Amino acid sequence: LEEVSEMLDYLEKYILEHFSHEEHYMQQRGYRDLDNHKKIHKDFREEFEALKYALNAPDASAAMGRDTEKSLVKLLVDHIKNEDREYHKSLGGKK
């Protein structure tokens, strides 16, 4: 579980930096759906925290850790592929 914990720490740092940068960019560009996107980020962080909390439970196993890690990576990739792509299109950016 140590390796998974390290990966979660890395993902958490990445997520916070990514969301902060993204929200700042949206605000600078006048993105009309910024409040909704911030809510999506908030919901994502809450889901991340819930998965992280479950992993820290006394009965957590290495298999559970790997599953949690995969779930979090999938959540992040899906966010980038769907939500981020949408705002880029809205602001005239590339897909």
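Up top is the structure.
Residues numbered from 1 in each chain as written. Predicted model: local features only at pLDDT ≥ 70, side-chain atom pairs only at ≥ 80, totals over all residues. Heavy atoms only, no water.

1. Here's the deal with a nonpolar patch on the surface
Reasoning step 1: A contiguous nonpolar patch, built from Tyr10, Tyr14 and Ile80 and spanning about 290 Å² of accessible area, is present on the exposed surface.
Reasoning step 2: With respect to the helices and strands, Ile80 occurs in helix 3 (residues 62–90).
Reasoning step 3: Residue class for Ile80 comes out partly exposed when judged on its relative accessible area of 33%. (Patch = residues over 30% accessible without salt bridge, like charges linked within 9 Å, V, L, I, M, F, W, Y side chains within 5 Å. Areas by Shrake-Rupley, 256 points an atom, 1.4 Å probe, with all protein chains shown as cover. Salt bridge = Lys/Arg side-chain N within 4 Å of Asp/Glu carboxyl O. Helix = DSSP H or I, 4+ residues; strand = E, 2+ residues; numbered from the N terminus. Buried < 20%, exposed > 50% of the residue type's maximum accessible area, 1.4 Å probe, protein only.)

2. Considerations on the nonpolar core
Reasoning step 1: Core analysis: the largest hydrophobic core is formed by 11 residues, namely Val4, Leu8, Leu11, Ile15, Phe19, Phe44, Phe48, Leu55, Ala60, Leu72 and Leu76.
Reasoning step 2: With 5 residues, helix 1 (residues 2–29) is the single largest residue contributor to this core.
Reasoning step 3: Phe19 has contacts with His41, Phe44, Arg45 and His79, leaving out every residue within four places of it along the chain.
Reasoning step 4: Counting 5 residues, the second-largest nonpolar core is a separate cluster that includes Met26, Tyr31, Tyr87 and Leu91. (Core = buried A, V, L, I, M, F, W, Y, C linked by side-chain atoms within 4.5 Å. Contact = heavy atoms within 4.5 Å.)

3. Regarding helix 1
Reasoning step 1: For helix 1, with 28 residues, the first-to-last C-alpha span of 41 Å sits near the 40 Å given by 1.5 Å per residue.
Reasoning step 2: Within helix 1 the residues assigned to the buried category are Val4, Leu8, Leu11, Ile15, His18, Phe19, Glu22, Glu23 and Met26. (Expected span 1.5 Å × (residues − 1).)

4. What to know about the environment of Glu83
Reasoning step 1: Assignment of secondary structure puts Glu83 in helix 3.
Reasoning step 2: Measuring from C-alpha to C-alpha, the distance between Glu83 and Tyr10 comes to 21 Å, with 73 residues separating the pair along the chain.

5. Looking at the pattern of salt bridges
Reasoning step 1: On inspection of all chains with the given rule, the structure shows 5 salt bridges.
Reasoning step 2: One salt bridge connects Asp43 with Lys39, and the closest N-O pair in it is separated by 2.9 Å. Taken as a pair, Asp43 and Lys39 lie in helix 2 (residues 34–55) at a separation of 4 residues, close to a single helical turn.
Reasoning step 3: Assessed through its relative accessible area of 45%, Lys39 is described here as partly exposed.
Reasoning step 4: Among the salt bridges present, the one from Asp78 reaches Lys74, with a minimum N-O distance of 2.6 Å. On the criterion of helical spacing, the pair formed by Asp78 and Lys74 is a turn pair, its members being 4 residues apart in helix 3.

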